[in-house]
Amino acid sequence: MNPVREIIYPTPGYSFCIQYFDDRRLHFNWHYHEDIELVLIKNGEGQAHIGDLVKHYKAPAGFLLGPSLPHGLLSIGSLQGWIIQFQEKHIKYPNAPSEFINILNVIGESKKGLSFSSPAIVDCLPLMENLNSSNGLDKWLWLLKVLNVLSQDKNRELCSLLPHNQEVLTDRFEQAITQIFNEIDKTYNLEEVSRKVGMKVSSFCKTFKKRYGLSFIEYIHSIRINNAKKLLIQTKFYIDDICYESGFNNVSFFNRKFKEVTGLTPSEYRKRYREA
C-alpha cells in the first residue's frame, strides 16, 4: 500500500501546526508529508508504523519523524498527547547558531525516524504543558526547549533501516536494501545482493551487521513480518495469502516466526488491532 501525501497547514497565527488530543482514538493512516512531525504520547498505547518498522508503543512515548518518511499511528483505545508538525527550513538553515547543533543532529537522524526513551518523554511533558498555555513567540521557544531535551536523549533509537529521503539514496548499499524492501515477495540470496553492491559475501555480511545491527537474514525476516503486520490491519486478505504476499513460502514457518516476534498468532494479532 503506497503512502498518501498529506499537506500540512499551520495553526492560525503560527509557523507550525500543533494538535493536542485528549481522549482521542487514532485510526491507521499510512501517509507522509514534507514537514517534520513530533509525536508525544502522555497516556495510552498502540502501534506505530514508521518506514519499515512496526512496533508497539506505550506511554510515555515519543517519535520524531523526518520529511517524506511514511508513517501511521494506531491507538488501542484513546490517547492523550500532542502532534506537532514544522518545516525543516525553520530550524536547519545555513549559518544556524552553533547552539543548535544538538537539535540539528536529531533533525538529521529523524529522516529514518527516531524513538525516544520514556525518561526523556517524562522530562518533556511539563514543557509541553507550558507550550500549550503559551502564545506568540513563547510557543516556539517552548518547542525548541522540547527538541533540546530530546536531542540529549542518549537512549534514542533509529526507527527505520531504510532511507526514505532522496538525499540519502545515493549510497549503493542503501539503494540495494531499498530495492529488497520494495520487492519483498522476491527471494534474494546473499550472493545476488553482494554482487549488487560490489562486495564479497563475507565483507557484505560484516558491513551489513555493523551498519544495521542485525544479520541480512534477520533483516529479511524483520521486514517481511512488518509487512505482514500492515496487511493484517489494512486488508481482509486471508492469512495464507498474507504469508505469500510478504515473501514467506511456508505458512507453518510464517505462523511460527510471526508468533516468535509478536507473541501472537497472525489471527490474534489481526483481532487485537482490528478491534482497536
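Above: the structure in question.
Because the structure is predicted, anything quoted here is derived from the model rather than measured.

So, how was this worked out
- Residues numbered from 1 in each chain as written.
- Predicted model: local features only at pLDDT ≥ 70, side-chain atom pairs only at ≥ 80, totals over all residues.
- Heavy atoms only, no water.
- Phe/Tyr/Trp six-rings, centres within 6.5 Å; stacked < 30°, edge-to-face > 60°.
- Helix = DSSP H or I, 4+ residues; strand = E, 2+ residues; numbered from the N terminus.
- Buried < 20%, exposed > 50% of the residue type's maximum accessible area, 1.4 Å probe, protein only.
- Axes fitted to C-alpha atoms, helices over the stretch in contact; angles between N-to-C directions.
- Parallel < 35°, antiparallel > 145°, perpendicular 65-115°, else oblique.
- Left-handed = near helix turned anticlockwise from the far one by under 90°.
- Contact = heavy atoms within 4.5 Å.
- Nonpolar A, V, L, I, M, F, W, Y, C, P; charged D, E, K, R; others polar.
- Salt bridge = Lys/Arg side-chain N within 4 Å of Asp/Glu carboxyl O.

Before we move on, could you go through the packing of aromatic side chains and cite the residues and values that matter?
In this structure the tally under the stated criterion is 13 aromatic pairs. Each ring, one from Phe16 and one from Trp140, has its centre 5.5 Å from the other, and the planes form 40°; the classification is tilted. One end of the pair, Phe16, is in the loop between strand 1 (4-5) and strand 2 (17-24); the other, Trp140, is in helix 3 (residues 137-151), with 124 residues separating them in the sequence. Classification of Trp140 as buried rests on a relative accessible area of 16%.

Outline the packing of helix 4 (residues 172-182) against helix 7 (residues 216-234), listing residues and values.
The packing of two helices is summarised by the inter-axis angle and the distance between the axes. In the contact formed by helix 4 and helix 7, the axes pass within 10 Å of each other and the chain directions differ by 40°. It follows from the interaxial angle that helix 4 and helix 7 lie oblique. Considering only the axes of helix 4 and helix 7, their crossing is right-handed. Touching Ile177, Ile180 and Phe181 of helix 4 are Phe216, Tyr219, Ile220 and Ile223, all from helix 7. Here the contact of helix 4 with helix 7 is composed, by residue class, of 7 nonpolar, no polar and no charged.

I'd love a proper account of the pattern of salt bridges, names of residues and values included.
Under the defined criterion, the tally for this structure stands at 7 salt bridges. Linking Glu109 and Arg156 is a salt bridge whose minimum nitrogen-to-oxygen distance equals 2.8 Å. Of this pair, Glu109 sits in helix 1 (residues 101-109) while Arg156 sits in the loop between helix 3 and strand 9 (157-158); the two residues are 47 residues apart in sequence, bridging distant segments of the chain. Residue classification places Glu109 among the partly exposed residues on the basis of a relative accessible area of 28%. The closest approach of N and O atoms between Lys257 and Glu260, which form a salt bridge, is 3.2 Å. With Lys257 and Glu260 both in helix 9 (residues 251-262) and 3 residues apart, this pair spans about one turn of that helix. Its relative accessible area of 18% is what places Lys257 among the buried residues. Bridged by salt links that share partners, the residues Glu88, Lys92 and Lys111 form one connected network.

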